[in-house]
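Below are the chains, spelled out letter by letter.
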Amino acid sequence: MSTLALAGPEDAHGHRLEGHPERPTRIAAAMRGVDDLQLGSDLLALPTRLATGTELLAVHTRDYLASLEAFCRLGGGDLDADTYAAPDSWPSVRRAAGAGLAVIDALAAGRADVGFVAVRPPGHHALPDRAMGFCLINNVAVAAARLAQAGQRVLIVDWDVHHGNGTQEIFWNDPRVLYVSTHQTPFYPWTGRAEEIGGPGAPGLTVNIPLPAGATGDIVRRAFDEVAAPVVDDFDPSWVLVSAGFDAHRDDPMADFALSSGDFAALANPWPPTPRGRAGWCWSSRGATTLRRSARVCGPR
Ligand SMILES: [Zn+2]
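Residues numbered from 1 in each chain as written. Predicted model: local features only at pLDDT ≥ 70, side-chain atom pairs only at ≥ 80, totals over all residues.

S.K.: Could you clarify how one ought to interpret the overall build of the protein chain in this entry?
M.R.: Broken down by element type, the protein chain carries 8 helices and 11 strands. Per-residue burial over the protein chain gives 49% buried out of 301 residues. Counting contacts in the protein chain only where the partners sit at least 6 residues apart, residues at least 24 apart contribute 73% of the total. (Helix = DSSP H or I, 4+ residues; strand = E, 2+ residues; numbered from the N terminus. Buried ≥ 20, exposed ≤ 12 C-beta atoms within 10 Å, placed from the backbone. Contact = placed C-beta atoms within 7 Å.)

S.K.: What exactly am I supposed to notice about the pairing of strand β2 (residues 43-46) here?
M.R.: The side chains of a regular strand alternate, first on one face of the sheet and then on the other. With 4 bridges connecting them, strand β1 (residues 4-10) and β2 associate as parallel partners. Counted as the bridge partner of Leu 4 is Leu 43 from β2. With respect to chirality, the unit in which β1 leads through helix α1 (residues 25-37) into the neighbouring parallel β2 is right-handed. (Pairing = 2+ DSSP bridges. Right-handed = clockwise from strand over helix to strand, strands pointing away.)

S.K.: Any chance you could explain unusual backbone geometry here in plain terms?
M.R.: Residues other than glycine predominantly adopt negative phi, and peptide bonds predominantly adopt the trans conformation. In this structure, Pro 9 follows Gly 8 across a cis peptide bond, with omega equal to 10°. Note that Pro 9 resides in strand β1. Across the junction of Arg 120 and Pro 121, the peptide omega takes the value 0°, indicating a cis bond. Here Pro 121 is to be found in the loop between β5 (114-119) and α5 (139-149). In the Ramachandran plot, Gln 38 falls in the positive-phi region, its phi being about 50° despite a non-glycine side chain.

S.K.: How should I be thinking about the pairing of strand β7 (residues 177-184) in this particular structure?
M.R.: Counting buried positions over the 8 residues of β7 gives 8, a clear majority of the element. Here β7 shows no split at all, with Val 177, Tyr 179, Ser 181 and His 183 on one side and Leu 178, Val 180, Thr 182 and Gln 184 on the other all buried. For the handedness criterion, the β-α-β arrangement of strand β6 (residues 154-158), helix α6 (residues 165-170) and β7 is classed as right-handed. Note that β7 and strand β8 (residues 206-211) share 6 bridges and pair parallel. Across the sheet, the residue bridging to Tyr 179 is Thr 206, located in β8.

S.K.: Sorry if this is basic, but what is going on with helix α4 (residues 89-108) here?
M.R.: Because an α-helix completes one turn every 3.6 residues, residues spaced three or four positions apart along the sequence face the same direction. Taking 1.5 Å per residue, 20 residues should reach 28 Å; α4 reaches 29 Å between its end C-alpha atoms and fits that length. Among the 20 residues that make up α4, 17 are buried, leaving the element largely enclosed by the rest of the structure. Where α4 ends, the next residue or the one after it, Gly 110, has phi of about 75°, a positive value. (Expected span 1.5 Å × (residues − 1).)

What follows is the structure, given as structure tokens:
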């Protein structure tokens, strides 16, 4: 039995906008799933913490961070057509990013085998210098940058139904990070074509697998097995982070994939143990990062 390190729940009650779909009750829904597992003593509850300015600067520009903090302090408002900030959003986004770092510390210390980060707001659309798509700070990128700076090789799996354009841009030219995404196309944010494979410093380390509306779980799993797994095997990551948005679920009203709850469980454990090491996965809600330390990730050929 594995031990699950849980950071959160942090529902960021101060970061909300009446009628907006990215709202505190998302975390309650995720926690119902955790509660259903009835992990007992196999659940390690972790305190969250605020990400520091230095940690945020690893992926965002100084000007953007300063302007976001000031924007919140002055009362917040719309950051783009569908992204908002509230007066209390600044500590919320720092805590959402810091929660992932707390899980990394717990896993690195051997206190747990897998992590789950139940926080909001999400992060994978956030660009180095701009908020976008409900996302203000790119949580998974902050975690990945921390690991990469420590000499780790980081795989980011993004099975959210939307392409993680922010995460892709941040690590576009970074050979320390492999980014793999399945997503609906054509669809917001209109990026993530298969031809987008990374910059000259990291060719082939961005793997986009765009899929049409209606894609079911077996199609998504096959995409990971047949397209992503060989690349992952060659990359040989030491850590796996998952941007585990659940909006690819068949009941999600904002997108058109057709995954079941069981499909997400299968995606979290796609590869069986092999003589070369046990597959390591982690998961979380969108942008909240899921982390798992991986001895080695091996995919079927
Ligand atoms: Zn999404």
